[in-house]
Amino acid sequence: QVQLVESGGGLVQAGGSLKLSCAGSGIIFSIRAVGWYRQAPGKQRELVATITSTGAVNYGDSVKGRFTISREGTKMYLQMNSLKPEDTAIYYCNVKPRYSTEREYWGQGTQVTVSS
């Protein structure tokens, strides 16, 4: 059984920085991608950043040039710079297995609030 726990969220002023962490436990033998998603009130969950097992990275258009995703073993990070009020959301870490027959894993989320 895999568990993901996010941390590092909080309140920050516009233009500031914040670093999120995701700690994983359990074992997944084959991973397609890991990443971060976010959901603001009244909106659908959206892509923030992903990184595949081959090292390819993909960022949502709204965070390109400002956010950086990284992975070290069972830990994943999201460095967020030049934060904007529209970045306010609950941020979730995610693990996608290589095969579609296996379930995805999600953390409980961590709140990020950016004040203007």
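Residues numbered from 1 in each chain as written. Predicted model: local features only at pLDDT ≥ 70, side-chain atom pairs only at ≥ 80, totals over all residues. Heavy atoms only, no water.

1. Examining the layout of surface pockets
If you roll a probe as big as a water molecule over the atoms, it shows you where there is empty space left.
Okay, step 1: Roughly 230 Å³ of volume is contained in the largest pocket.
Okay, step 2: For the largest pocket, the lining is made up of 16 residues, of which Ile31, Arg71, Gly73, Thr74 and Val95 are closest to its centre.
Okay, step 3: Of the residues forming the lining of the largest pocket, the biggest block, three residues, is contributed by strand β3 (residues 18-25). (1 Å grid on protein atoms, 1.4 Å probe; cavity = no way out; pocket = protein on both sides within 12 Å on 5 of 7 lines; lining within 4 Å. Points joined across faces, edges and corners; volume = space filled by probe spheres on them. Helix = DSSP H or I, 4+ residues; strand = E, 2+ residues; numbered from the N terminus.)

2. Some remarks on the pairing of strand β8 (residues 75-80)
On a regular strand, each side chain points to the face opposite its neighbour's, so the side chains alternate between the two faces of the sheet.
Okay, step 1: Pairing of β3 with β8 involves six bridges; the strand directions are antiparallel. Looking at the pairing, Lys19 lines up with Gln79 of β8.
Okay, step 2: Pairing of strand β7 (residues 67-72) with β8 involves six bridges; the strand directions are antiparallel. The residue bridging Phe67 from the neighbouring strand is Met80, located in β8. (Pairing = 2+ DSSP bridges.)

3. Quick notes on the state of the cysteines
Okay, step 1: Counting across every chain of the model gives one disulfide.
Okay, step 2: Note that Cys22 is cross-linked by a disulfide to Cys93, the S-S spacing being 2.2 Å. Linking Cys22 and Cys93, the disulfide has an S-S dihedral of approximately 55° and is accordingly described as right-handed. Of the two residues, Cys22 is situated in strand β3 and Cys93 in strand β9 (residues 89-97); the sequence distance between them amounts to 71 residues. (Disulfide = S-S within 2.5 Å.)

4. Brief notes about the packing of aromatic side chains
Okay, step 1: Scanning the model with the defined rule gives one aromatic pair in all.
Okay, step 2: When the ring of Tyr37 is compared with that of Trp106, the centres are 5.3 Å apart and the planes differ by 65°; the resulting orientation is edge-to-face. Separated by 69 residues along the polypeptide, Tyr37 in strand β4 (residues 31-39) and Trp106 in strand β10 (residues 105-106) bring together distant segments of the chain.
Okay, step 3: A relative accessible area of 30% places Trp106 in the partly exposed class.
Okay, step 4: For Lys19, the ring lying beneath its charged end belongs to Tyr77, and the centroid distance is 4.8 Å.
Okay, step 5: The ring of Tyr92 is capped by Arg45, whose NZ or CZ atom sits 3.9 Å from the centre of that ring. (Phe/Tyr/Trp six-rings, centres within 6.5 Å; stacked < 30°, edge-to-face > 60°. Buried < 20%, exposed > 50% of the residue type's maximum accessible area, 1.4 Å probe, protein only. Lys NZ or Arg CZ within 6 Å of the ring centre and 35° of its normal.)

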